[in-house]
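Here's the letter readout for the chains.
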Amino acid sequence: MAVKGWIEVSDTYCKGCELCISACPQGVMELDMARLTPKGYHPAHTFKEGCTGCAICAIVCPDAAITVFRETTKAVPVPA
Amino acid sequence: MPKELWKGNEAIAEAAVRAGLEAYFGYPITPQTEILEFLSRRMPELGRSFVQAESELGAINMVYGAACTGVRVMSSSSSPGVSLMMEGLSYIAGTEIPAVLVNVMRGGPGLGNIAPAQSDYNQAVRGGGHGDYPRIVLAPASVQEAIDLMGLSFDLAEKYRMITMVILDGSVGQMMEPAEMPALKEIHRKGFDWATDGAMNRERRILSSIYLNPYDEEKTNLRLLKRWKDVQASEVRYKEYFLEDAKYIVIGFGTAGRVALSAVREARAQGIKVGLLRPITVSPFPHEVLDQLTGQAEAILVTEMNMGQMLDDVLLTVRGRVPVEFYGRPGGVVPFHDEILNEIHRLTSGTLAVRTDPRESWLTRMTAAS
Amino acid sequence: MATENLVYERPEAFTEMPTHYCPGCTHGVAHRLVAEVLEEMGVVNKTIGVAPVGCAVFAYNYFDTDFVEAPHGRAPAMATGIKRVLPDRVVFTYQGDGDLASIGMGEIVHAAARGENITVIFINNANYGMTGGQMAPTTLPGMKTTSSPNGRDVETQGYPIKMSEMLSTLEGTGYCVRRSLHDPKNIRLAKKAIRTAFETQVRGLGFAMVELLSTCPTNWGMTPVNSLKFVEEHMIPAFPLGDYKISDAIKQIKI
């Protein structure tokens with residue numbers, strides 16, 4: 001099963017440049033055309049399931065606007 | 001300390017070292033190169049920084065960088081090199097940090113020559129770099145005075161967070177005279193609360209000369225002027241010779257003032273009531289004492305090794321109350337004392353009038369003589 | 001959010017101020033990588049940055065370190081002055097191509113020749129961004145700018161200057177590489193290079209420069225995404241990525 005992750009995009013920093021959208025390997029990001037940041041940009045967001053928390057969006061983000069999280073995978077004890 | 005025989009340029013360098021110079025950045029140019037050469041040996045000997053920069057632009061910006069950390073730093077150059085440093089000087093002024101620059105002036109404009117001159121007075125005193133900024137300018141007339149002023153230059157630069165320039169002509173830089181050097185002091189970094197020396201256990205600091213908002217820049221300009229008023233009130237320095245009963249006043253700085261002193265002494269021996277005012281701070285200019293002297297004077301003679309630059313400061317103070325005459329030797333020529341004595345005799349003739357521009361009659365006499 | 005879930009967050013070496021850079025400009029990526037490296041090395045509180053003149057003139061607003069702002073092109077000279085009197089601090093310049101390769105050519109060459117222990121981050125985006133997209137020494141042949149409106153004519157306007165290649169010829173240069181910021185893989189490689197360049201400094205191994213091929217979407221007249229493609233398709237062939245000089249001592253550094 002794929003690792004589950006999620007991101008938070010800061011309205012303070014995001015400028016809607018779309019670099020994260022084209023870089024996202026899962027294709028789960030787009031600009032949120034329903035919202036504007038205080039500076040007047042449509043911010044990026046995930047619009048569907050599938051984020052793995054790979055952080056590639058954060059790596060290409062020129063504004064350090066993205067915080068990335070990933071569900072912790074607990075080690076399942078192997079039966080003896 | 002006993003007196004020793006010191007060459008002007010080397011004395012300046014050693015005096016700076018003894019005043020706590022931590023870093024020197026320079027570039028060779030005659031007639032100041034001995035400062036660079038001397039410090040290339042002396043600074044590493046003491047574990048201090050010396051860099052021969054790629055250009056005067058490089059040198060002054062190394063000074064700028066080191067000055068941002070709050071250490072005592074200087075450069076030296078001669079006229080064409082100082083012109084190249086004007087960019088850095090303006091930035092240093094705008095950043096409000098202390099730095100010392102020595103200009104051993106030579107004949108100009110352009111490449112000019114390497115003979116002693118005082119033709120960078122306006123560049124030093126009025127600014128030279130872009131923007132509106134005051135700076136302190138000291139003008140020694142002897143090796144001893146140059147030594148004494150080096151320590152003062154760092155003190156003033158730090159006290160007022162301002163550039164201090166020491167301007168002298170090539171003859172003071174090149175001459176050898178007996179002089180007394182102060183003791184070598186240990187360096188104590190002062191930990192200024194503006195210095196960018198790494199934000200250890202404190203808020204970070206930024207040093208820049210940029211104020212994008214014009215109102216902030218205006219405020220900065222006014223702050224600089226207010227600080228300059230303090231400098232004017234407290235830091236004016238000059239030497240007075242035979243002025244108490246003088247009816248005729250000679251004014252000259254640096255070497256021109258020194259040559260004038262010989263002429264004044266001789267005139268005194270001839271019974272002429274003449275005295276000499278020799279500004280040591282040409283910026284701030286000693287307007288107040290000159291104002292008082294104007295009250296007792298029948299005529300004033302300004303003598304410089306240029307085409308009349310300090311003359312404008314004198315005219316500003318005298319404001320047409322008494323005749324002001326000018327005698328200059330530009331282009332790298334040093335006047336002889338008898339030339340100035342002749343001028344003193346002209347002062348006493350009683351036929352002088354107040355003129356708009358004293359350079360005119362001087363130019364007529366100069367061109368007629370040649 | 002629980003910290004154990006955290007994969008990536010904005011580096012603490014950044015201040016809270018949003019940058020003034022245009023959307024999609026890779027200056028921001030370069031800034032972030034420097035901030036991350038300073039943080040990872042634990043040197044934020046002993047770093048002094050030197051900002052240039054150009055788009056990065058306000059770099060001092062974004063890093064949580066001491067900063068000074070240099071005259072155009074003079075950052076390596078200022079950095080020299082700082083580093084010489086404070087040799088135990090970390091000193092870096094951040095310069096664009098107009099600043100470093102044109103007006104500041106003398107300063108950068110001699111800082112490298114002297115082997116100054118400073119780190120230089122060199123942003124090559126083939127034009128003067130701040131003044132509105134004029135021709136830079138790095139502008140590609142044929143590339144249109146506001147001061148080469150018919151495309152850079154090499155007959156009259158010369159050829160691009162390859163700084164990494166030039167500086168790698170100097171003995172004082174310890175580390176000199178060219179990287180690109182056009183995709184995640186190359187950004188990772190750029191970060192590693194920046195880390196090595198700072199490690200070079202703290203070990204006193206000489207002058208270190210990382211040239212970063214960057215974008216200027218606004219002045220290139222392209223979307224940010226197309227700008228990255230332009231870097232890949234046009235800039236990399238003209239400015240090949242690679243290690244132009246890594247001294248033997250620096251090769252031993254393990255990161």
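Before going into details, it helps to say that this report is about the structure given with it. (Residues numbered from 1 in each chain as written. Chains lettered and ligands numbered in written order. Predicted model: local features only at pLDDT ≥ 70, side-chain atom pairs only at ≥ 80, totals over all residues. Heavy atoms only, no water.)

Let's shift gears to the overall build of chain C. Counting its secondary structure elements, chain C contains 10 helices and 10 strands. Computed over C-alpha atoms, the radius of gyration of chain C comes to 17 Å, within 12% of the 18 Å expected from 2.2 N^0.38 for 255 residues, which places it in the range of a compact globule. Within the span of chain C, comprising 255 residues, buried residues form 64% of the whole. A separation threshold of at least 6 residues defines the contact pool for chain C, and within that pool the share at least 24 residues apart is 68%. With an accessible surface of roughly 8900 Å², chain C has 53% of that area assigned to carbon and sulfur atoms. Computed over 23 positive and 26 negative side-chain charges, the inter-centroid distance for chain C is 5 Å. (Helix = DSSP H or I, 4+ residues; strand = E, 2+ residues; numbered from the N terminus. Rg over C-alpha atoms; globule rule 2.2 N^0.38 Å. Buried < 20%, exposed > 50% of the residue type's maximum accessible area, 1.4 Å probe, protein only. Contact = heavy atoms within 4.5 Å. Areas by Shrake-Rupley, 256 points an atom, 1.4 Å probe, with all protein chains shown as cover. Lys, Arg positive; Asp, Glu negative; His and termini not counted. Charge placed at Lys NZ, Arg CZ, Asp CG, Glu CD.)

Residue and element names in this part refer to chain B. One pass over the full model with this rule turns up 50 salt bridges over all chains. Note that E34 and K7 form a salt bridge whose closest N and O atoms lie 3.3 Å from each other. Here the residue E34 occupies a position in helix α2 (residues 33–45), and K7 occupies one in strand β1 (residues 4–7), the gap between them amounting to 27 residues. One exposure class covers both E34 and K7, and it is buried. (Salt bridge = Lys/Arg side-chain N within 4 Å of Asp/Glu carboxyl O.)

When the two pairs of chains in contact are compared, the highest contact count belongs to chains B and C. Between chain A and chain B there is no contact; the minimum C-alpha to C-alpha separation amounts to 20 Å.

Each partner contributes residues to the interface: chain C has 30 residues there, and chain A has 28 residues. Both sides together, the interface formed by chain C and chain A hides about 2300 Å², and carbon and sulfur atoms give 65% of it. Run the count over chain C and chain A and you get zero salt bridges. Seen at the junction of chain C and chain A, the total is 13 residue pairs in polar contact (both at pLDDT 80 or more). A breakdown of the residues in the side of chain C that touches chain A according to their chemical character gives 18 nonpolar, six polar and six charged. Note: strand β4 (residues 66–70) of chain A against strand β1 (residues 6–8) of chain C, two bridges, orientation antiparallel. (Buried area = accessible area lost by both parts, 1.4 Å probe. Polar contact = N/O pair within 3.5 Å; in protein donor to acceptor, adjacent residues only side chain to side chain. Nonpolar A, V, L, I, M, F, W, Y, C, P; charged D, E, K, R; others polar. Pairing = 2+ DSSP bridges.)

So, on to the sheet that holds strand β11 (residues 248–251) of chain B. The strands making up a sheet are joined through hydrogen bonds of the backbone, oriented either antiparallel or parallel. Residue and element names in this part refer to chain B. Reading across from one edge, β10-β12-β11-β14-β15 is the order of the five strands in this open sheet, with mixed pairing throughout. Looking at strand neighbours, the two that pair on one side only are β10 (238–241) and β15 (324–328), the edges of this open sheet. Going across the sheet, the axis of each strand differs from the next one's by a mean of 20 degrees, ignoring polarity. With four bridges connecting them, β10 and strand β12 (residues 274–279) associate as antiparallel partners. Each bridged residue has a counterpart across the sheet, and for K239 the counterpart in β12 is R278. Contacting β11, β12, β14 (299–304) and β15, helix α11 (residues 310–318) runs over the sheet at an angle of about 160 degrees to β14. (Axes fitted to C-alpha atoms, helices over the stretch in contact; angles between N-to-C directions.)

Looking now at the interface of chain C and chain B. Taken residue by residue, the interface counts 34 residues in chain C and 35 residues in chain B. Both sides together, the interface formed by chain C and chain B hides about 2600 Å², and carbon and sulfur atoms give 60% of it. The largest share of the area that chain C buries against chain B comes from D66, P71 and V85 of chain C, three residues that together contribute 21% of it. Note that E54 of chain B and R114 of chain C form a salt bridge whose closest N and O atoms lie 3.0 Å from each other. Taken together, the links from chain C to chain B amount to 18 residue pairs in polar contact (both at pLDDT 80 or more). Of all elements in the fold, only β2 (47–51), β3 (66–69), α2 (75–85) and α4 (105–113) of chain C reach the threshold of two or more residues within the side of chain C that touches chain B. The element best represented in the side of chain C that touches chain B is α2 of chain C, accounting for seven residues. Split into classes, the residues belonging to the side of chain C that touches chain B amount to 15 nonpolar, 10 polar and nine charged.

Residue and element names in this part refer to chain C. Across its 19 residues, helix α7 (residues 184–202) extends 27 Å between first and last C-alpha, which sits within 8% of the 27 Å expected from 1.5 Å per residue. Burial analysis of α7 places 14 of its 19 residues in the buried class, which makes it a mostly covered element. Phi turns positive one or two residues past the end of α7, at G204, with a value near 70 degrees. (Expected span 1.5 Å × (residues − 1).)

Counting residues in each nonpolar core, the largest one holds 107 residues, and the members touching the most others are I300 and I344 of chain B. Sort the elements by how many residues they give to this core and helix α3 (residues 56–68) of chain B lands first, with eight residues. Three or more residues apiece are contributed to this core by two domains, here domain 1 (4–234) and domain 2 (238–369) of chain B. Aside from chain neighbours lying at most four places away, what touches I344 of chain B is V250, A263, V264, A267, I272, V274 and L301 of chain B. In this structure, A65 and I66 of chain A together with A190 and F198 of chain C belong to the second largest nonpolar core, which totals 66 residues. (Core = buried A, V, L, I, M, F, W, Y, C linked by side-chain atoms within 4.5 Å. Domains from an automatic or database assignment.)

On to the packing of aromatic side chains, then. Overall, the coordinates contain 15 aromatic pairs over all chains when judged by the stated rule. Seen from their ring centres, W220 of chain C and F230 of chain C are 4.8 Å apart, and the 55 degrees between their planes marks the pair as tilted. Of this pair, W220 of chain C sits in helix α8 (residues 217–220) while F230 of chain C sits in helix α9 (residues 224–238), placing them 10 residues apart in sequence. F230 of chain C carries the same exposure label as W220 of chain C, and that label is buried. Here a set of aromatic residues connected by ring pairs shows up, and it is made of F14, F63, F67, F92 and F198 of chain C. Over the aromatic face of F38 of chain B sits the side chain of R41 of chain B, whose NZ or CZ is 5.1 Å from the ring centroid. (Phe/Tyr/Trp six-rings, centres within 6.5 Å; stacked < 30°, edge-to-face > 60°. Lys NZ or Arg CZ within 6 Å of the ring centre and 35° of its normal.)

Bringing the side chain of H182 of chain C into the picture now. Residue and element names in this part refer to chain C. Relative to the helices and strands, H182 resides in the loop between β8 (173–180) and α7. Here the side chain of H182 touches S180 through a polar contact of 2.6 Å, side chain to side chain. A distance of 3.4 Å separates a polar atom in the side chain of H182 from a polar atom in the side chain of D183. Once residues within four sequence positions are removed from consideration, H182 is found in contact with L228, V231, E232 and I236.

On a regular strand, one side chain projects to one face of the sheet and the next to the other, so that they alternate. Residue and element names in this part refer to chain B. Only one face of strand β8 (residues 176–179) is covered, namely the one carrying E177 and A179; the face carrying M176 and P178 has none of its residues buried. In the sheet, β1 pairs with β8 via four bridges, with the strands oriented antiparallel. The residue bridging E4 from the neighbouring strand is A179, located in β8.

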